[in-house]
Amino acid sequence: MKFFLDTANLDEIREAVSIGLLDGVTTNPTLVAKEGAEFKQRVIEICEIVRGPVSAEVTATDTEGMCTQGRELAKLHPWVVVKVPTTKAGLKAGKCLVGDGIKVNCTLVFSASQALLVAKTGATYVSPFLGRLDDISHVGMDLVRDIVTIYRNYGYKTQVLAASLRHPLHIVDAAKAGADVATMPYKVFDQLFKHPLTDKGLDQFLKDWEKAKVQ
Ligand code: E4P
């Protein structure tokens, strides 16, 4: 499973890269706005740090506008993946960008039927938003399972990118469901490392070691 960070914060990305476990980054307009950075410059900076796929989202809502923005974004850096919303206009733009040889991530996916359409456009990634489904009392993970089954049935190459992940169990369940990628906030990435029994056990080992040394 590939690990992406869902952030536009450079410190968080640098930290994850330094551990050696980061495969890519996803951003969205909300995350970029939160950083108060110039969008295109920030996308380039992220690409330079990650050296892996970086999703940057279009903000136009019509097909032509999305295609124009998508082409501009793709020119920023070879690692840019253009994120388009999974609307009819977005899928049309996605198909057109794929035709230009640009990697596309179809975002805001909430149903298996949308995911089926995404695969047919030839997009590189489909992004089901699990946490947001959980928020409205739907089991988000069921959607990942459905998409993985459908894609396997037909051999679609589009990678399932589990998004809107809110806690470590989301990552584990997405891995069990067969998602190709999990994108997560830095806080969740950090939580994956932690277990109180590891800390307790290490503490005891070191205490015993010290005791043995003084004997
Ligand atoms: C993924 O590409 C999205 O940016 C992200 O996972 C959305 O997560 P949220 O629902 O926590 O905002």
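Residues numbered from 1 in each chain as written. Predicted model: local features only at pLDDT ≥ 70, side-chain atom pairs only at ≥ 80, totals over all residues. Heavy atoms only, no water.

Observations regarding the layout of surface pockets
Thinking step 1. Space inside the largest pocket adds up to approximately 360 Å³.
Thinking step 2. Around the largest pocket sit 23 residues that line it, and Asp6, Asn28, Leu31, Arg132 and Pro185 are the ones nearest its centre.
Thinking step 3. No other element matches helix α2 (residues 29-35), which puts 4 residues into the lining of the largest pocket.
Thinking step 4. Among the residues making up the lining of the largest pocket, the classes are represented as 7 nonpolar, 9 polar and 7 charged. (1 Å grid on protein atoms, 1.4 Å probe; cavity = no way out; pocket = protein on both sides within 12 Å on 5 of 7 lines; lining within 4 Å. Points joined across faces, edges and corners; volume = space filled by probe spheres on them. Helix = DSSP H or I, 4+ residues; strand = E, 2+ residues; numbered from the N terminus. Nonpolar A, V, L, I, M, F, W, Y, C, P; charged D, E, K, R; others polar.)

Side note on the sheet that holds strand β2 (residues 24-26)
Thinking step 1. Reading around the barrel, the 8 strands line up as β1-β2-β3-β4-β5-β6-β7-β8 and close back on themselves, with parallel pairing between neighbours. Pairwise comparison of adjacent strand axes, ignoring direction, gives a mean angle of 30° for this sheet.
Thinking step 2. Judged from the 2 bridges that link them, β2 and strand β3 (residues 54-57) form a sheet pairing that is parallel. Considered in β3, the bridge of Val25 is made with Val54.
Thinking step 3. Of the strands in this sheet, β4 (80-85) and β5 (104-109) are in contact with helix α5 (residues 88-99), which crosses β4 at around 155°. (Pairing = 2+ DSSP bridges. Axes fitted to C-alpha atoms, helices over the stretch in contact; angles between N-to-C directions. Contact = heavy atoms within 4.5 Å.)

Some words on the packing of helix α6 (residues 112-121) against helix α8 (residues 140-154)
Helix packing for two helices is described by the angle between their axes and how far apart those axes are.
Thinking step 1. At a minimum axis distance of 10 Å, the contact between α6 and α8 shows a crossing angle of 40°. Every pair of crossing elements has a handedness; the one defined by α6 and α8 is right-handed. Along its contact with α6, which presents Ala112, Ala115, Leu116, Val118 and Ala119, the element α8 presents Leu143, Asp146, Ile147, Ile150 and Tyr151.
Thinking step 2. Here the residues of the contact of α6 with α8 sort into 9 nonpolar, no polar and 1 charged. (Left-handed = near helix turned anticlockwise from the far one by under 90°.)

Digging into unusual backbone geometry
Thinking step 1. For Arg51, which is not glycine, the phi dihedral falls at a positive 55°.
Thinking step 2. Examined against the element boundaries, Arg51 turns out to sit in the loop between α3 (39-50) and β3.
Thinking step 3. Of the residues examined, Arg51 reaches a relative accessible area of 49% and is grouped as partly exposed.
Thinking step 4. At Ser164, a residue that is not glycine, the phi angle is positive and equals roughly 60°.
Thinking step 5. We classify Ser164 as buried; its relative accessible area is 10%. (Buried < 20%, exposed > 50% of the residue type's maximum accessible area, 1.4 Å probe, protein only.)

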